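Spelled out, the chains give:
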Amino acid sequence: MVVADVGTERNEDCEEDYGYKKDFHTALPQFLAVSVKNIILLGYGMTLGFPTILIPAVSQPAQGEVLHLQTYEIAWISSINLIVVPLGCALSGVVTSPLGRIRAMQVVNIPFAIAWLMFHFSTISGHLYGALILTGLAGGLLEAPVLTYVAEVTQPHLRGALSATSSMCIIIGVFTQFLFGLFMYWRTVALVNIIFTVLAVIALFFVPESPHWLVSRKRYDDARKSLQWLRGWTNSTAVSAELRDIQALFKDKKSEAGDMDETFTEKLSHYLKRSFLYPFFLVSSCFFIGHFSGMTTLQTYAVSIFQMLEAPIDRYYATLILGIVQIVGSSSCVLLVHYTGKRPLTLFSTAGAGVCCMLVAAYDGYITTHNVTVDPTGDSNINGTLMDADLTKSLISGYSWIPTTLLLLLAFITHLGIRLLPWILIGEVFSARTRSGGAGLASAVGYIFGFLTNRMYIALLDTISVWGTYGLYGVVCIAGSILLYFILPETEGKELGDIQTHFAGGRKLTNKVYKPKTRKTNEVSMGTEIKGTSNPTFEGDDCRM
């Protein structure tokens, strides 16, 4: 292996792994750290799924239930937390960054615990509203520390898969509420959910703080210990090269999130540069495409959609299957992203979602244009010919498996890529100076798009019907796949410094997934002597054998 001089350009078919072994022992602590973070996201997913079992319980209460809400009050229960989440996201970086990633995640769990207690002991609708506001605000505040932590503690070849587990755990959290609601009273479910919140807070004491955040605070000894833990409980010599590279990211710069010598104008200027605006546009575009792929409305209005399209099975069972398919899709993304890369997986997912939406639109359009209707009086009309209603229903249901299958396929394909992609990108595309703030702002945009998608859905149905709505979703997906083809680089397996350089207008990333090649310790030392204090993140070694 040849060690490059200062002027040698990096071979982008390999990643810098600092001599670490690519084995289970090295990956295990990173998996454990991310798993602890995922317990928090599991709890957050529970807050998103809880209204599903709460609404029927308080709209048609059982005997002995003190709460009985009216229709206009129910509408607030289904949306109030989504309104508050963007506010929490926008404040996430500013509020949580000074605390550190670990401490911030612990503190944000306090509102979750309070909210579950409020749910359990609630006697008026105001108690429910207050609990929902707390869960929405806490969920938003959680975005920056959670998303940046996984990006900063993992090696490049593990980052994509471990980042994808975040969305998967939220989906599992939502799904647990469906299951708990089948066996337990909703107030009991609220108490059970506290267990996961307490477990997350305790578990966070056993994983290290982000070495990037520690370096930004000039706590170099703590950063070294953190890296030793995260890279397989190794010695200080083994992590010295990576620590030096992290220090170089902050070299001659004021630390992120509020150095007292940096004015507000100087802090704001970082968010007006290409290094922030380009990745922010990319992540926002991914959120827009993901939400308007039809999956957001399908998840929210699944029962009514399956009923509207005459699902061949009970609409509630179809909704349960939908949740399982989402989990399978997310799990497939976790398993595949390291081998395929994010770019091909996303392009396939987005284009595939477009095809599914177009076919659903074509099915409904055919039924509509051929005047296939069922008259409640008992007569039916197909192209002007009266037929028996039961016969017509039989004809329709004979093909009703088509839209049902397409919608389930849509759930799988979107969660294979485009639904998870923005959450993976958030932690790695922003520079070290804007990572916390950028994660919060981009998350806020994502939730706003989700809110708009759900709010527009009913109006779209009334205006352009089912075929027009899904036709629009299909157009968005097809156009989105074309847009992403030109603006989405392959970040899988790439160093954070290389990604930062790409979005700042420097050396471009290739569309290949990096293949790690381990350098021997003496070669690392030789490279250090040649390059002095220069940062190999930007002036990487040649990986030729």
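Treat the numbers as computed from the prediction; the structure is a model and nothing was measured.

Each value, and the rule that gives it
Residues numbered from 1 in each chain as written. Predicted model: local features only at pLDDT ≥ 70, side-chain atom pairs only at ≥ 80, totals over all residues. Heavy atoms only, no water. Helix = DSSP H or I, 4+ residues; strand = E, 2+ residues; numbered from the N terminus. Buried < 20%, exposed > 50% of the residue type's maximum accessible area, 1.4 Å probe, protein only. Contact = heavy atoms within 4.5 Å. Salt bridge = Lys/Arg side-chain N within 4 Å of Asp/Glu carboxyl O. Phe/Tyr/Trp six-rings, centres within 6.5 Å; stacked < 30°, edge-to-face > 60°. Lys NZ or Arg CZ within 6 Å of the ring centre and 35° of its normal. Patch = residues over 30% accessible without salt bridge, like charges linked within 9 Å, V, L, I, M, F, W, Y side chains within 5 Å. Areas by Shrake-Rupley, 256 points an atom, 1.4 Å probe, with all protein chains shown as cover. Expected span 1.5 Å × (residues − 1). Polar contact = N/O pair within 3.5 Å; in protein donor to acceptor, adjacent residues only side chain to side chain. Core = buried A, V, L, I, M, F, W, Y, C linked by side-chain atoms within 4.5 Å. Axes fitted to C-alpha atoms, helices over the stretch in contact; angles between N-to-C directions. Parallel < 35°, antiparallel > 145°, perpendicular 65-115°, else oblique. Left-handed = near helix turned anticlockwise from the far one by under 90°. Nonpolar A, V, L, I, M, F, W, Y, C, P; charged D, E, K, R; others polar.

Caption draft 1: Here's a closer look at the overall build of the chain. Along the chain, the regular secondary structure elements total 22 helices and three strands. Burial analysis of the chain (545 residues in total) assigns 57% to the buried set. A separation of at least 24 residues holds for 79% of the contacts in the chain among residues at least 6 apart in sequence.

Caption draft 2: Structural view of the pattern of salt bridges. Evaluation of the coordinates by the stated rule reveals seven salt bridges. Between Glu152 and Arg101 there is a salt bridge, and its shortest N-O distance comes to 3.0 Å. Linking Glu152 in helix α5 (residues 125-153) with Arg101 in helix α4 (residues 101-121), this pair joins segments that are 51 residues apart in sequence. Members of the salt-bridge network, linked through shared partners, are Arg159, Lys342, Glu428 and Glu492.

Caption draft 3: The packing of aromatic side chains, seen in detail. The tally for this structure, following the rule as stated, stands at 17 aromatic pairs. Ring centres 5.3 Å apart and planes at 80 degrees place the aromatic pair Phe50 and Trp116 in the edge-to-face group. In this pair, Phe50 is assigned in helix α1 (residues 24-59) and Trp116 in helix α4, connecting sequence segments 66 residues apart. When its relative accessible area of 1% is taken as the criterion, Trp116 is described as buried. Ring centres of Tyr271 and Phe276 lie 4.9 Å apart, and the angle between their planes is 70 degrees; on these two criteria the pair is classed as edge-to-face. One aromatic cluster is present, built from ring pairs that chain together Phe50, Trp116, Phe119, Tyr185 and Trp186. Positioned above the aromatic ring of Tyr485, the side-chain terminus of Arg343 is 4.9 Å from the ring centre.

Caption draft 4: Examining the side chain of Arg187 more closely. The residue Arg187 is located in helix α7 (residues 186-203) in this model. Once residues within four sequence positions are removed from consideration, Arg187 is found in contact with Glu65, Val66, Leu67, Phe119, His120, Phe121 and Ser122.

Caption draft 5: Representation of unusual backbone geometry in the model. The residue Trp233 is not glycine, and still its phi comes out positive at about 50 degrees. Relative to the assigned elements, Trp233 resides in the loop between α9 (220-230) and α10 (236-249). Owing to a relative accessible area of 40%, Trp233 belongs among the partly exposed residues under this scheme. A positive phi angle is found at Ser465, which is not glycine, with a value near 65 degrees.

Caption draft 6: Summary view of a nonpolar patch on the surface. Nonpolar side chains collect at one region of the surface, where Val355, Met358, Leu359, Val475, Ile478, Ile482, Tyr485 and Phe486 lie side by side and expose about 770 Å² of accessible area between them. When contributions to the nonpolar patch are tallied by element, the ones reaching two or more residues are α16 (342-369) and α20 (435-487). Top element by residues in the nonpolar patch is α20. It accounts for five residues. Inspection of the secondary structure assignment puts Val475 in helix α20. The class of Val475 is partly exposed, set by a relative accessible area of 45%.

Caption draft 7: Focus on the environment of Gly329. Following the sequence through the fold, Gly329 ends up in helix α15 (residues 315-340). The buried category is assigned to Gly329, whose relative accessible area is 0%. Once the C-alpha coordinates of Gly329 and Ala411 are considered, the two residues, 82 residues apart in sequence, prove to be 7.4 Å apart. The contact partners of Gly329, leaving out residues within four places of it in the chain, are Phe412, His415 and Leu416.

Caption draft 8: Local environment of helix α19 (residues 421-429). Within α19, nine of the nine residues are buried, which leaves the element mostly enclosed by the surrounding structure. Buried residues of α19: Leu421, Pro422, Trp423, Ile424, Leu425, Ile426, Gly427, Glu428 and Val429, and no others. Close packing links the buried residues of α19 with α5, α6 (156-183), α12 (274-291), α16, α20 and α21 (496-503).

Caption draft 9: Focus on α10. With 14 residues, α10 ought to run about 20 Å at 1.5 Å a step, and its terminal C-alpha atoms sit 20 Å apart, in line with that. Every buried residue belonging to α10 is among Val239, Ala241, Glu242, Leu243, Asp245, Ile246, Ala248 and Leu249, and all of these are buried. Between the side-chain oxygen at the start of α10 and the backbone nitrogen of Thr237 there is a gap of 3.2 Å, and the oxygen is on Asn235.

Caption draft 10: Just the nonpolar core, in detail. Among the nonpolar cores identified, the biggest contains 53 residues, and Met105, Leu142, Leu282, Leu425, Ile426 and Leu484 are the most heavily contacted of them. Not counting residues up to four positions away in its chain, the partners in contact with Ile426 are Leu147, Val283, Phe287, Ala439, Ala442 and Ser443. Of all hydrophobic cores here, the second largest spans 30 residues; its members include Met295, Phe306, Leu460 and Tyr470.

Caption draft 11: A look at the packing of helix α3 (residues 80-96) against α20. Running from N to C, α3 and α20 point in directions that differ by 165 degrees, and their axes come no closer than 6 Å. Between α3 and α20, the interaxial angle falls into the category roughly antiparallel. Along this stretch, α3 crosses α20, giving a crossing that reads as left-handed. Judged by residue contacts, Leu82, Ile83, Val85, Pro86, Cys89, Ala90, Ser92 and Gly93 of α3 engage Ser436, Gly437, Gly440, Leu441, Ser443, Ala444, Tyr447, Ile448, Phe451 and Asn454 from α20. In terms of residue class, the contact of α3 with α20 is built from 11 nonpolar, seven polar and no charged.

Caption draft 12: Local environment of the environment of Leu420. With respect to the secondary-structure elements, Leu420 resides in the loop between α18 (401-416) and α19. On the accessibility criterion, Leu420 (1% relative accessible area) is buried. For the pair Leu420 and Gly329, spaced 91 residues apart in sequence, the C-alpha separation works out to 9.9 Å. Leu420 has contacts with Ala164, Ser167, Ser330, Cys333, Thr414 and His415, leaving out every residue within four places of it along the chain.

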